[in-house]
Amino acid sequence: MPFAFCRSLPLAALALAAATVPGYALEVTRSADIAAPPAKVWQTIGEFCGIGDWHPAIEKCALSDKDGMKVRTLSLKGGGAIKEEQVSRDDKVMSYTYTILESPLPVSDYKSTLSVAPAGSGSKVTWTGTFNAKGAPDTVATDAIQGIYDSGLKALSDKAK
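Residues numbered from 1 in each chain as written. Predicted model: local features only at pLDDT ≥ 70, side-chain atom pairs only at ≥ 80, totals over all residues. Heavy atoms only, no water.

A. Seen up close, the overall build of the protein. Within the protein, the secondary structure is distributed over four helices and seven strands. Listed N to C, the secondary structure of the protein is α-β-α-α-β-β-β-β-β-β-α in terms of helices and strands. Counting all 161 residues of the protein, 37% fall into the buried class. Pairs at least 24 apart in sequence give 49% of the contacts found in the protein among residues at least 6 apart. Carbon and sulfur atoms make up 59% of the accessible area of the protein, which amounts to about 9000 Å² in all. (Helix = DSSP H or I, 4+ residues; strand = E, 2+ residues; numbered from the N terminus. Buried < 20%, exposed > 50% of the residue type's maximum accessible area, 1.4 Å probe, protein only. Contact = heavy atoms within 4.5 Å. Areas by Shrake-Rupley, 256 points an atom, 1.4 Å probe, with all protein chains shown as cover.)

Laid out in structure tokens, this is it:
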């Protein structure tokens, strides 16, 4: 009996440690090939508030500053708003990362990266997000984010050509 107890103790400790490590339950990655050079696609994406010029769900974008970080408030068509903070941006790599500060979306702990890379004679835009479902099943949260990414990538593709 003592041997069995000793052998199961490390497994129990490992399980407890894994349960206390914060992590993201869900991840969504969507990408689109765009028949335009990466520099043109990156220019179309624009600055942090540029999403208001190409994403079909955005009525307008207002930019502000919070402790030296860029914050955008996205007014959604049909009502509602999403407040997001840009946590990093690299124009040479053509990538930026942001988090959601406030949102009606069924997600929490959301962090996302939008990036552009060369692909053949055009570009590949990748939009990846990690998050936890909030107040809804995982599938509902995942479907909401996939819908945002898919509609945005389609509109970006149409505008960048």
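B. Here's a closer look at the packing of aromatic side chains. Counted by the stated rule, this structure contains eight aromatic pairs. Between the aromatic rings of Trp 42 and Tyr 96, the centroid separation amounts to 6.2 Å while the plane-to-plane angle is 55 degrees, which identifies the pairing as tilted. Of this pair, Trp 42 sits in helix H2 (residues 38-45) while Tyr 96 sits in strand S5 (residues 95-102), and the two are 54 residues apart along the sequence. Neither residue differs from the other here; Trp 42 and Tyr 96 are each classed as buried. An aromatic cluster is defined as three or more aromatic residues linked by ring pairs; in this entry it consists of Trp 42, Phe 48, Tyr 96, Tyr 98, Tyr 110 and Phe 131. Across from the ring centre of Phe 48, 4.0 Å away, lies the NZ or CZ of Arg 72, which sits over that ring. Taking the ring centre of Tyr 98 as reference, the NZ or CZ of Arg 72 above it sits at 4.8 Å. (Phe/Tyr/Trp six-rings, centres within 6.5 Å; stacked < 30°, edge-to-face > 60°. Lys NZ or Arg CZ within 6 Å of the ring centre and 35° of its normal.)

C. Spatial organisation of H2. Taken together, the buried positions of H2 are Pro 38, Val 41, Trp 42, Thr 44 and Ile 45. Looking straight down H2, one finds that the buried residues subtend no more than 160 degrees of arc, so they occupy a single side. Those residues of H2 that are exposed and angled more than 90 degrees off the buried face are Ala 39 and Gln 43. Directly after H2, the chain includes Gly 46, whose backbone phi takes a positive value near 75 degrees. (Arc of directions from axis to C-beta.)

D. Molecular detail of the packing of H2 against helix H4 (residues 138-160). In contact at an axis separation of 10 Å, H2 and H4 are set at 120 degrees when each is read in the N-to-C sense. Taken together, the axes of H2 and H4 lie oblique to each other. Of the two elements, H2 crosses H4, and the hand of that crossing is right-handed. Contact residues: H2 offers Lys 40, Val 41, Thr 44 and Ile 45, while H4 offers Leu 156, Lys 159 and Ala 160. Of the residues assigned to the contact of H2 with H4, the class counts are four nonpolar, one polar and two charged. (Axes fitted to C-alpha atoms, helices over the stretch in contact; angles between N-to-C directions. Parallel < 35°, antiparallel > 145°, perpendicular 65-115°, else oblique. Left-handed = near helix turned anticlockwise from the far one by under 90°. Nonpolar A, V, L, I, M, F, W, Y, C, P; charged D, E, K, R; others polar.)

E. Structural detail: the sheet that holds strand S4 (residues 81-90). Strand order in the open sheet made by the seven strands is S1-S7-S6-S5-S4-S3-S2, with antiparallel pairing throughout. The two strands at the open ends of the sheet, each matched to only one other strand, are strand S1 (26-34) and strand S2 (58-66). Going from strand to strand, the sheet's axes swing by 20 degrees on average, the running direction of each strand aside. Pairing of S2 with strand S3 (residues 69-76) involves eight bridges; the strand directions are antiparallel. For Lys 60, the partnering residue across the bridge sits in S3 and is Ser 75. Each of S1, S4, S5, strand S6 (107-119) and strand S7 (122-133) is contacted by H2, which is oriented at about 150 degrees to S6, the strand it contacts most. Here H4 sits on the sheet and contacts S1, S6 and S7; the angle it forms with S1, its principal contact strand, is near 15 degrees. (Pairing = 2+ DSSP bridges.)

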